[in-house]
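Inside the fold
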Amino acid sequence: MTKIIQKREGCIGCGTCTVLCSNFWQMDDDSKASLKGATRKENGDFELEVEEDQVKCNKDAAEACPVKIISIEEN
Ligand code: F3S
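Residues numbered from 1 in each chain as written. Predicted model: local features only at pLDDT ≥ 70, side-chain atom pairs only at ≥ 80, totals over all residues. Heavy atoms only, no water.

1. Observations concerning the state of the cysteines
In total, this model carries one disulfide according to the counting rule given. There is a disulfide in this structure between Cys-21 and Cys-57, and the S-S distance comes to 1.9 Å. Classification of the bridge connecting Cys-21 and Cys-57 rests on its S-S torsion, roughly 40°, and on that basis the disulfide is right-handed. With Cys-21 in the loop between helix H1 (16-20) and strand S2 (25-27) and Cys-57 in helix H2 (residues 55-64), this residue pair connects regions lying 36 residues apart in the sequence. Owing to a relative accessible area of 1%, Cys-21 belongs among the buried residues under this scheme. (Disulfide = S-S within 2.5 Å. Helix = DSSP H or I, 4+ residues; strand = E, 2+ residues; numbered from the N terminus. Buried < 20%, exposed > 50% of the residue type's maximum accessible area, 1.4 Å probe, protein only.)

This is the structure in structure tokens:
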């Protein structure tokens, strides 16, 4: 399993993740993106476990995010 992690507080709402990986990312009413189905951790980050074949577009989003708040944790 691979974890996608978003430090959502730092999102500036550019929307790139929602374009590159629309199955996983959406813009919310507060103009920040959220990772669909993710759970909020104690430190405020959001985290979602995905299958190997779902990692690619999330990696693209992580690389393209201008404030680098998306990370991929591969086990
Ligand atoms: Fe926010 Fe980065 Fe997506 S700034 S909208 S998480 S590409």
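2. Quick notes on a negative patch on the surface
Taken together, the side chains of Glu-49, Glu-51, Glu-52 and Asp-53 define an acidic patch exposed on the protein surface. Owing to a relative accessible area of 44%, Glu-51 belongs among the partly exposed residues under this scheme. (Patch = residues over 30% accessible without salt bridge, like charges linked within 9 Å, V, L, I, M, F, W, Y side chains within 5 Å. Areas by Shrake-Rupley, 256 points an atom, 1.4 Å probe, with all protein chains shown as cover. Salt bridge = Lys/Arg side-chain N within 4 Å of Asp/Glu carboxyl O. Lys, Arg positive; Asp, Glu negative; His and termini not counted. Charge placed at Lys NZ, Arg CZ, Asp CG, Glu CD.)

3. Quick look at the site of the ligand
Lining the immediate surroundings of the ligand are 13 residues, of which Cys-11, Gly-15, Cys-17, Ala-33 and Cys-65 lie closest. Considered class by class, the residues forming the shell around the ligand number nine nonpolar, four polar and no charged. (Near = heavy atom within 4 Å. Nonpolar A, V, L, I, M, F, W, Y, C, P; charged D, E, K, R; others polar.)

4. With respect to the environment of Ile-12
Checked against the element boundaries, Ile-12 lands in the loop between strand S1 (2-6) and H1. Taking C-alpha positions, Ile-12 is 9.5 Å from Cys-65, a pair spaced 53 residues apart along the chain. Setting aside anything within four residues of it in sequence, one finds Ile-12 in contact with Ser-31, Pro-66 and Val-67. (Contact = heavy atoms within 4.5 Å.)

None of the figures reported here should be taken as evidence of function without further support.
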